[in-house]
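What follows is each chain in one-letter form.
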Amino acid sequence: MIVLGIETSCDETAAAVVNDRREILSNLVLSQIKEHAAFGGVVPEIAARAHLDHLDTLIKAAMSDAGVKFAQIDGVAATCGPGLIGGVMVGMMAGKAIAAAAGKPFIAVNHLEAHALTPRLSDNIEFPYLLLLISGGHTQILAAEDVGVYKLWGTTQDDALGECFDKSAKLMGLPYPGGPELEKMAAQCADPGAAHERFPLPQPMKGRQGCDFSFSGLKTAVRAHVERFPNPAPKADIAALARSFQDTAAEIVSDRCEGAVKKFLSAYKTAAPTLVAAGGVAANKALRAALQDLCGRHGMSFIAPPGALCSDNGAMIAWTGIEKLSRGLNDELDVKARPRWPLDPESQKNRKTA
Ligand code: KG4
Ligand code: ZN
């Protein structure tokens with residue numbers, strides 16, 4: 001089975017071709033960083049227009065890189081939400097049009113589910129697994145039981161983790177997008193111990209019951225430190241604050257996940273219990289190390305897909321298409337774009353966050 005995947009829900013225009021042997025035949029991502037950099041964040045209208053400008057050529061290139069024709073694919077998958085609705089509609093309509101013209105099934109993909117299923121593409125893992133979804137818009141802990149079956153155990157009460165990285169990086173004067181830049185800056189800190197002493201940061205929710213998160217206090221504390229920087233701020237100070245921030249974020253995430261790890265181990269008796277980190281922030285090496293350590297302490301495996309599959313990409317959309325199509329879960333062409341699309345619609349927690 002071969003599926004074309006299209007992703008346009010935020011600021012990456014992406015197209016990929018993947019088969020059911022987990023081979024990524026092509027995976028093209030066109031970042032709109034330059035278009036949005038001047039505004040310090042994603043501008044929805046600019047994003048939608050940029051997707052419109054580039055998507056058709058990108059799809060053609062993905063098909064040609066994969067060496068397949070539309071007649072040879074088994075389905076077309078496109079992100080239909082959640083995300084910036086203008087962009088979502090561009091990708092969804094392109095996908096529907098190709099599916100209709102080529103007479104192939106269309107698969108409406110939930111962007112969050114695509115992040116959630118990526119470790120099944122990269123590492124071939126079995127359900128159930130514990131999933132930490134950390135992206136620019138979401139911070140959730142879920143038990144992934146099957147395709148389409150997720151139990152939401154924890155979520156953020158305010159900012160998403162990626163948002164907190166981006167906003168803190170912006171306060172530190174780092175370029176957009178802040179997360180990866182903050183990680184690079186933290187790597188330049190020569191003395192982490194001294195950095196923590198000079199720039200202490202709070203750990204909201206630490207030690208509390210449950211698996212919910214809160215990050216807005218962390219960002220506010222970063223602002224207070226930045227306001228006391230000399231002008232211009234010495235690079236060593238920015239590196240030290242970035243390091244303190246990253247380590248604190250890793251400690252918070254590890255603390256909040258610990259409750260979920262214990263809950264998972266008692267709820268599911270699987271032979272190889274696994275925690276998966278997915279979403280753009282899962283590319284962060286300090287976070288990965290903290291989660292690896294947590295899992296080591298509880299006899300659980302830890303998996304995070306390679307960086308290129310953590311941030312938004314078309315391969316995860318194509319793979320979700322394969323997972324759904326192989327279960328007969330394709331959609332009619334009148335399926336709607338959804339700006340909000342919770343993975344666990346039953347959960348009360350979604351009322352606040354999804
Ligand atoms: O999943 P993603 O590509 O897009 C969304 O669905 O949101 O995640 C993007 C987020 C951004 O907030 C970005 O700053 C963050 O992931 N990010 C990182 C790193 N790479 C990407 N945050 C921290 N460290 C990184 N290395
Ligand atoms: Zn994403």
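Residues numbered from 1 in each chain as written. Chains lettered and ligands numbered in written order. Predicted model: local features only at pLDDT ≥ 70, side-chain atom pairs only at ≥ 80, totals over all residues. Heavy atoms only, no water.

K.L.:
Honestly, the side chain of Asp-212 in this entry has me stumped. Any pointers?
P.N.:
If you trace the backbone, Asp-212 turns up in the loop between α7 (192–198) and α8 (216–227). The class for Asp-212 is buried, based on a relative accessible area of 13%. A polar atom in the side chain of Asp-212 sits 2.8 Å from the backbone nitrogen of Thr-155. (Helix = DSSP H or I, 4+ residues; strand = E, 2+ residues; numbered from the N terminus. Buried < 20%, exposed > 50% of the residue type's maximum accessible area, 1.4 Å probe, protein only. Polar contact = N/O pair within 3.5 Å; in protein donor to acceptor, adjacent residues only side chain to side chain.)

K.L.:
Help me out: how do you make sense of the domain arrangement of the protein chain in this one?
P.N.:
Assigned domains of the protein chain: these are domain 1 (2–117 + 310–344) and domain 2 (127–304). Once you take the C-alpha centre of each, domain 1 and domain 2 turn out to be 27 Å apart. Counting residues at the interface gives 22 residues for domain 1, matched by 21 residues for domain 2. Each partner contributes to the roughly 1,700 Å² buried at the junction of domain 1 and domain 2, and carbon and sulfur atoms together form 65% of this total. Put simply, domain 1 and domain 2 have one salt bridge between them. The salt bridge partner of Arg-327 is Asp-146, with a shortest N-O separation of 3.8 Å. On the surface where domain 1 and domain 2 come into contact, there are six residue pairs in polar contact (both at pLDDT 80 or more). When contributions to the side of domain 1 that touches domain 2 are tallied by element, the ones reaching two or more residues are α1 (33–37), α4 (111–122) and α12 (315–325). Take the side of domain 1 that touches domain 2: its biggest share by element is five residues, from α4. (Domains from an automatic or database assignment. Contact = heavy atoms within 4.5 Å. Buried area = accessible area lost by both parts, 1.4 Å probe. Salt bridge = Lys/Arg side-chain N within 4 Å of Asp/Glu carboxyl O.)

K.L.:
Looking at this structure, I do not really get the pattern of salt bridges. What am I missing?
P.N.:
Between side chains of opposite charge, pairing is possible as soon as their charged atoms come close. According to the stated counting rule, one finds 16 salt bridges in the structure shown. Among the salt bridges present, the one from Asp-159 reaches Lys-167, with a minimum N-O distance of 3.8 Å. Among the residues examined, Asp-159 registers a relative accessible area of 8% and is labelled buried. A relative accessible area of 33% means that Lys-167 is categorised as partly exposed.

K.L.:
How should the site of ligand 1 be read in this particular structure?
P.N.:
Inspection of the region around ligand 1 gives 17 residues, with Gly-136, Asp-166, Glu-183, Gly-280 and Asn-284 positioned closest. A distance of 2.7 Å separates a nitrogen atom of ligand 1 from a polar atom in the side chain of Glu-183. Backbone polar atom of Gly-280 to an oxygen atom of ligand 1: 2.9 Å apart, as the coordinates give it. Contact with the protein chains covers 87% of the free accessible surface of ligand 1, which is 550 Å². The set of elements that each furnish at least two residues to the shell around ligand 1 consists of α4, α5 (161–171) and α6 (178–186). Residues of the shell around ligand 1, tallied by class, amount to three nonpolar, 11 polar and three charged. (Near = heavy atom within 4 Å. Areas by Shrake-Rupley, 256 points an atom, 1.4 Å probe, with all protein chains shown as cover. Nonpolar A, V, L, I, M, F, W, Y, C, P; charged D, E, K, R; others polar.)

K.L.:
Even after reading the chapter, I still don't get the coordination of the zinc ion (ligand 2), so can you show me in this structure?
P.N.:
Ideal values for angles at a metal depend on the geometry: 109.5 degrees with four tetrahedral donors, 90 or 180 degrees with six octahedral donors. Taken together, His-111 (NE2), His-115 (NE2) and Asp-312 (OD) make up the full set of protein donors to the zinc ion (ligand 2), lying 2.0 to 2.1 Å away. Each donor residue of the zinc ion (ligand 2) belongs to the same chain, and together they define the spacing H-x3-H-x196-D. One end of the pair, His-115, is in helix α4; the other, Asp-312, is in the loop between α11 (307–310) and α12, and 197 residues separate them in sequence. On the accessibility criterion, His-115 (1% relative accessible area) is buried. For Asp-312, a relative accessible area of 14% gives the class buried. (Donors = N, O, S within 2.8 Å, 3.2 Å for Na, K, Ca; no water.)

K.L.:
Just to check I follow, could you spell out the packing of aromatic side chains for this structure?
P.N.:
Per the counting criterion, the structure on display carries six aromatic pairs. Measuring from ring centre to ring centre gives 5.8 Å for Phe-213 and Phe-215, while their planes differ by 20°; the resulting arrangement is stacked. For the residue pair Phe-213 and Phe-215, the accessibility class agrees, reading buried in each case. Counting every residue linked through ring pairs, the aromatic cluster contains Trp-153, Phe-264 and Tyr-268. (Phe/Tyr/Trp six-rings, centres within 6.5 Å; stacked < 30°, edge-to-face > 60°.)

K.L.:
Help me out: how do you make sense of the nonpolar core in this one?
P.N.:
One recurring pattern in soluble globular proteins: nonpolar side chains tend to sit buried together. Membership of the largest hydrophobic core comes to 55 residues, with the highest contact counts inside it found for Leu-130, Leu-132, Leu-161, Met-172, Phe-245, Val-253 and Leu-291. Sorting the residues of this core by element identifies β6 (129–134), β7 (139–146), α5, α6, α8, α9 (235–267), β9 (274–278) and α10 (285–297) as the ones contributing at least two each. The leading source of residues in this core is α9, at 14 residues. Apart from residues lying up to four places away in sequence, Phe-245 is in contact with Cys-164, Phe-165, Ser-168, Met-172, Leu-182, Leu-201, Leu-218 and Val-222. Counting residues in each nonpolar core, the second largest holds 33 residues, with Val-18, Phe-127, Val-147 and Val-276 among its members. (Core = buried A, V, L, I, M, F, W, Y, C linked by side-chain atoms within 4.5 Å.)

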